[in-house]
Protein chains: 2
Amino acid sequence: MDPVGFYFDFGSPYGYLASKRIDGTAKRHGREVAWHAFLVGAAVKITGSASLFEQPLRGDYTIHDMHRFARLQGVPLKAPATLPVHSLAASRAYYWLFDQDAALAKAFANAVFDAIWGEGRDLSSPEAVAEVAASQGVDAKALLAAISSQPVKDRLREAIEAAMAKGVFGSPYFLVDGEGFWGVDRLDQVERWLETGGW
Amino acid sequence: MDPVGFYFDFGSPYGYLASKRIDGTAKRHGREVAWHAFLVGAAVKITGSASLFEQPLRGDYTIHDMHRFARLQGVPLKAPATLPVHSLAASRAYYWLFDQDAALAKAFANAVFDAIWGEGRDLSSPEAVAEVAASQGVDAKALLAAISSQPVKDRLREAIEAAMAKGVFGSPYFLVDGEGFWGVDRLDQVERWLETGGW
C-alpha cells in the first residue's frame with residue numbers, strides 16, 4: 001500500500017498540529033507517511049489568496065483558533081513574534097537532508113516545527129535553520145553552503161511543482177491513494193478514508 | 001443561557017451543511033440557535049480574499065470537498081450551474097420575514113438552502129427567491145416589493161455590520177458565549193465547547 005502523502009509548510013501552524021498526528025493516524029491503518037515540505041506562497045501566486053496572517057479579521061481569528069486547537073490537542077504552541085513565517089531556508093534544508101537520509105530529514109522537520117511553533121523562534125534566516133540542524137547532528141557549514149547552491153534551490157522548486165501538479169495548494173494537505181484533503185480539520189476524514197477505502 | 005449564534009451565507013455550501021446539524025448540536029446541550037443571514041462578500045472587501053469558487057486550485061478542491069463532505073454527512077448536495085451564488089435577494093428576504101415571524105424566517109432559510117444546494121437551483125433573482133418563499137405561504141408580491149425597499153436593504157446592511165462587529169467574516173460562523181468558530185469543520189469543537197464551557 002502506498003504511503004500517505006503529507007504536505008506541509010513550516011510556516012503553517014496547522015501543518016505543525018498535523019505533524020503531531022499524521023504518523024499515528026497512518027500507522028493505525030498499516031501505512032507509512034511520506035513527508036513533503038511545501039511553500040504555500042508558491043501556490044498563492046496562483047490562488048491569489050494571501051497568508052491568513054496578512055488578512056484582516058481572518059488573521060486575528062487564526063491566531064486565536066490555532067492556540068485553542070493546540071490546547072485541545074495537548075500540543076505546546078507559541079507563535080513567533082513575526083508572522084507570516086518565512087520557511088524558504090528550512091524547506092531547502094529539508095530536501096537537501098532528505099536526499100541523504102529520509103529519517104534524518106524527518107527528525108529535522110520535527111525539530112524545525114517545534115522551534116517555530118512550539119517555542120516561537122524566528123527561523124527565517126539560514127543561520128537559524130543551520131543551528132536547528134546542528135542540534136540533529138548535521139554539519140552547519142555544509143548545510144549553509146548547500147542551501148545557497150543552485151541544485152538545492154532547484155530541488156525545492158521541483159518538489160513544489162510536483163506537489164502542485166498533484167493538486168496541493170495549502171498546508172497541511174494529505175494525499176491518500178490519490179484523494180486529496182486540505183486542512184488539519186480533515187484528519188478525521190483522512191482516517192475514515194484509510195479505514196473504509198472511501199465513500 | 002444565551003442561544004448559539006449561527007451565521008451563514010446562502011451561497012456557502014458549508015453553511016448549508018452546517019444548517020443541517022447546528023440545531024441538533026445546540027439542543028443536545030439545552031441551547032437554542034439564533035440564525036443570522038450574512039454576506040461573505042461584505043467581509044471579503046476587508047479580508048481581501050475572493051470566493052473559494054473564484055480561486056484556481058482551491059475552487060476545484062472545494063467542489064470536490066463539499067460533495068465528499070455531504071456524502072459523509074448523508075445530506076443531498078447538487079451544485080448550482082453558476083458559482084459563486086448570489087445571495088443578496090434571499091438574505092434581504094430573510095430579515096424581512098424574521099422581523100415578522102422568526103420561525104417562518106427559519107423555515108424559509110431551510111427552503112432556500114435546500115433549493116440552492118440540495119437541488120442546484122439558481123436563486124440569484126428576486127423572483128426565484130419569491131417563488132421559494134411562496135412555497136412557505138409567503139405573499140410573493142409583498143416580498144418582491146419589500147426586498148427592493150430601502151428599509152429592508154438597510155436592515156440587511158445593519159445585520160451584517162453587527163455580525164462583523166462581533167468578528168464574523170465567513171460562513172458558517174458560530175458564536176458560543178462570545179467564542180467564535182469558523183467553518184463546518186469546527187462543529188465538533190463547538191459541541192465540545194458547549195459541553196465543557198471551554199478549554
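Whatever comes next refers back to the structure up there.
The notes below deal with the structure included here. (Residues numbered from 1 in each chain as written. Chains lettered and ligands numbered in written order. Predicted model: local features only at pLDDT ≥ 70, side-chain atom pairs only at ≥ 80, totals over all residues. Heavy atoms only, no water.)

This part is about the overall build of chain A. Along its length, chain A carries 10 helices and four strands. Against the compact-globule benchmark of 16 Å for 199 residues, chain A has a radius of gyration of 16 Å, which places it among compact chains. Taken over the C-alpha atoms alone, chain A extends approximately 50 × 40 × 35 Å along its principal axes. Here chain A holds 199 residues, and the buried ones make up 51% of them. Restricting the contact set of chain A to residue pairs at least 6 apart, pairs at least 24 apart contribute 70%. As displayed, chain A has an accessible area near 8500 Å², and 52% of this comes from carbon and sulfur atoms. Counting 20 positive and 24 negative side-chain charges, chain A places the centres of these two groups 2 Å from one another. (Helix = DSSP H or I, 4+ residues; strand = E, 2+ residues; numbered from the N terminus. Rg over C-alpha atoms; globule rule 2.2 N^0.38 Å. Buried < 20%, exposed > 50% of the residue type's maximum accessible area, 1.4 Å probe, protein only. Contact = heavy atoms within 4.5 Å. Areas by Shrake-Rupley, 256 points an atom, 1.4 Å probe, with all protein chains shown as cover. Lys, Arg positive; Asp, Glu negative; His and termini not counted. Charge placed at Lys NZ, Arg CZ, Asp CG, Glu CD.)

Between chain A and chain B, the residue contacts involve 31 residues of the former and 31 residues of the latter. In total, chain A and chain B occlude about 3000 Å² of area from one another, counting both sides; carbon and sulfur atoms represent 56% of this. At the junction of chain A and chain B, the tally comes to six salt bridges. There are 16 residue pairs in polar contact (both at pLDDT 80 or more) connecting chain A and chain B. Elements with a minimum of two residues in the side of chain A that touches chain B: α3 (40-47), α4 (58-73), β4 (179-182) and α10 (187-196) of chain A. For the side of chain A that touches chain B, the element with the highest residue contribution is α4(A), accounting for eight residues. Class assignment of the residues belonging to the side of chain A that touches chain B gives a composition of 16 nonpolar, six polar and nine charged. (Buried area = accessible area lost by both parts, 1.4 Å probe. Salt bridge = Lys/Arg side-chain N within 4 Å of Asp/Glu carboxyl O. Polar contact = N/O pair within 3.5 Å; in protein donor to acceptor, adjacent residues only side chain to side chain. Nonpolar A, V, L, I, M, F, W, Y, C, P; charged D, E, K, R; others polar.)

All names here are of chain B. Their axes nearest at 7 Å, the elements helix α5 (residues 88-98) and helix α6 (residues 102-118) cross at an angle of 160 degrees. In this view, α5 runs roughly antiparallel relative to α6, as classed from their interaxial angle. Side by side, α5 and α6 meet where A90, A93, Y94, L97 and F98 of the first sit next to A102, L104, A105, K106, F108, A109 and V112 of the second. Of the residues assigned to the contact of α5 with α6, the class counts are 11 nonpolar, no polar and one charged. (Axes fitted to C-alpha atoms, helices over the stretch in contact; angles between N-to-C directions. Parallel < 35°, antiparallel > 145°, perpendicular 65-115°, else oblique.)

Let's shift gears to α4(A). Residue and element names in this part refer to chain A. Its 16 residues place the ends of α4 21 Å apart at the C-alpha level, agreeing with the 22 Å of an ideal helix rising 1.5 Å per residue. Among the residues of α4, those classed as buried are R58, G59, Y61, T62, D65, M66, R68, F69 and A70. G74 lies just past α4 and shows a positive phi near 75 degrees. (Expected span 1.5 Å × (residues − 1).)

Here the focus is the relation of the copies chain A and chain B. Once chain A is rotated about the relating axis by 180 degrees and shifted along it by 0.0 Å, it coincides with chain B to within an RMSD of 0.0 Å. One copy is carried onto the other by what is essentially a two-fold rotation axis. With an isologous cut-off of 70% or more, the 100% of interface residues of chain A that recur at the interface of chain B puts this contact in the isologous class. (Least-squares fit on C-alpha atoms with pLDDT ≥ 70 in both.)

Moving on: the environment of B:V176. Mapped onto the elements of the fold, B:V176 is located in strand β3 (residues 173-176). If we skip the residues at most four places from it in the chain, B:V176 touches B:V4, B:F181, B:V190, B:W193 and B:L194.

The tally for this structure, following the rule as stated, stands at 42 aromatic pairs over all chains. Where A:Y14 meets A:F69, the ring centres are 6.4 Å apart and the plane angle is 75 degrees; that geometry is what we call edge-to-face. On the criterion of sequence distance, the pair formed by A:Y14 in helix α1 (residues 13-19) and A:F69 in helix α4 is long-range, its members being 55 residues apart. Each member of the pair, A:Y14 as well as A:F69, is classed as buried. Consider the rings of A:W193 and A:W199, whose centres lie 4.7 Å apart with planes at 65 degrees: the pair is edge-to-face. Classification of A:W193 by relative accessible area gives buried; the value is 11%. The class of A:W199 is partly exposed, set by a relative accessible area of 25%. Here the aromatic residues A:F6, A:F8, A:F10, A:Y16, A:W35, A:Y94, A:Y95, A:F98, A:F113 and A:F174 are joined through ring pairs into a cluster of three or more. Positioned over the ring face of B:F181 is A:R68, at 3.8 Å from the centre of the ring. (Phe/Tyr/Trp six-rings, centres within 6.5 Å; stacked < 30°, edge-to-face > 60°. Lys NZ or Arg CZ within 6 Å of the ring centre and 35° of its normal.)

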